[in-house]
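Tertiary structure, described
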Amino acid sequence: AIPTGARQAAVNLIGGKSFKFNQLIENGTFSEGDSGWTCSGATMEVNNGIMTLSLRAGLENIYFYKNIPGIAGHKYLIASDIKSNINFSSRYYWGANIGTSNSVTTEWKTFSVIFDYSSGLNLNFVRITSGAPDGLSVDIKNCRLFDLTSTFGAGNEPATVDAAISAYRALGIDITKEPIP
């Protein structure tokens, strides 16, 4: 079953078998402004498909997320392209509160991870905690989420982001580009 609100992007025929390709983020290119997105600790502004989060004075945490129902036990790949006006390192959270330390720079960088979904979790695209510098502004574009289990079947999901990119390319789909078909 496809999660509620999911957008089926394509159904293809490969080797006589059909498969489903789902890009689950609605408004991941911000073509509808900030519709469906939630943010705290920053103001949101959209221009030309780029979401800009500007840290509010006196705060040091930014949460930018979307509530997207998933299927418990499924593997997902979450990704987006991010840059900031200031180079800094912080605890950076992805997906179902998967935390990593990352450097956010003034150059566009794709952040992505594969994770197992548990019920009741928000899918964070940016969660910068503790130590965001004054005047911080973060730009985000090309937000995407793929249900690898629905596409490849349980136990057949790619184990790494690079393997997922290659597997989708073998099916004729480049998941690193927007708009996704």
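Residues numbered from 1 in each chain as written. Predicted model: local features only at pLDDT ≥ 70, side-chain atom pairs only at ≥ 80, totals over all residues. Heavy atoms only, no water.

Let's talk about the sheet that holds strand β7 (residues 75–84)
Cut-off, in case you're wondering: Any two strands with at least two DSSP-identified bridges between them are counted as paired. Numbering of helices and strands runs from the N terminus, with a helix taken as a DSSP run of H or I at least four residues long and a strand as a DSSP run of E at least two residues long. Note on geometry: axes are C-alpha line fits, over the in-contact stretch for helices, and angles between N-to-C directions span 0 to 180 degrees. Whether two residues are in contact is decided by their heavy atoms, any of which lying within 4.5 Å being enough.
With respect to topology, five strands assemble into an open sheet ordered β4-β5-β12-β7-β10, the strand pairing being antiparallel. Pairing within the sheet leaves two strands with one partner each, and these edge strands are β4 (42–47) and β10 (109–116). Going from strand to strand, the sheet's axes swing by 30° on average, the running direction of each strand aside. Taken together, the six bridges between β4 and strand β5 (residues 50–55) define a ladder with antiparallel strand orientation. Looking at β5, one finds that Val 46 is bridged to Met 51. Docked against the sheet, helix α2 (residues 161–170) engages β7, β10 and β12 (137–147), running at close to 95° with respect to β10.

Examining the side chain of Ser 137
Considering the arrangement of structural elements, one finds Ser 137 in strand β12. Other than its neighbours up to four places away in sequence, Ser 137 contacts Thr 52, Leu 53, Ser 54, Lys 83, Ser 84 and Asn 85.

Considering the packing of aromatic side chains
To keep things clear, this is the line we draw: Working definition: a ring pair exists when centres of Phe, Tyr or Trp rings (six-membered ring for Trp) sit within 6.5 Å. Plane angles under 30 degrees give stacked, over 60 give edge-to-face, the rest tilted.
Within the structure shown, the criterion is met by seven aromatic pairs. On the basis of an interplanar angle of 45° and a centroid distance of 6.3 Å, the ring pair of Phe 30 and Phe 64 is categorised as tilted. One end of the pair, Phe 30, is in the loop between β2 (17–22) and β3 (38–40); the other, Phe 64, is in strand β6 (residues 62–66), with 34 residues separating them in the sequence. Three or more aromatic residues joined by ring pairs make a cluster, and in this case those are Phe 30, Trp 37 and Phe 64.

Details of the pairing of β6
Where a strand is regular, its side chains alternate between the two sheet faces. The condition that has to hold: Note on classification: 1.4 Å probe, protein chains only; a residue is buried when its accessible area is under 20% of the maximum for its type, exposed when over 50%, partly exposed between these limits.
Burial analysis of β6 places four of its five residues in the buried class, which makes it a mostly covered element. Two strands pair when backbone bridges link them, and β3 and β6 are joined in this way by three bridges, in the antiparallel orientation. What sits directly across from Thr 38, in β6, is Tyr 65.

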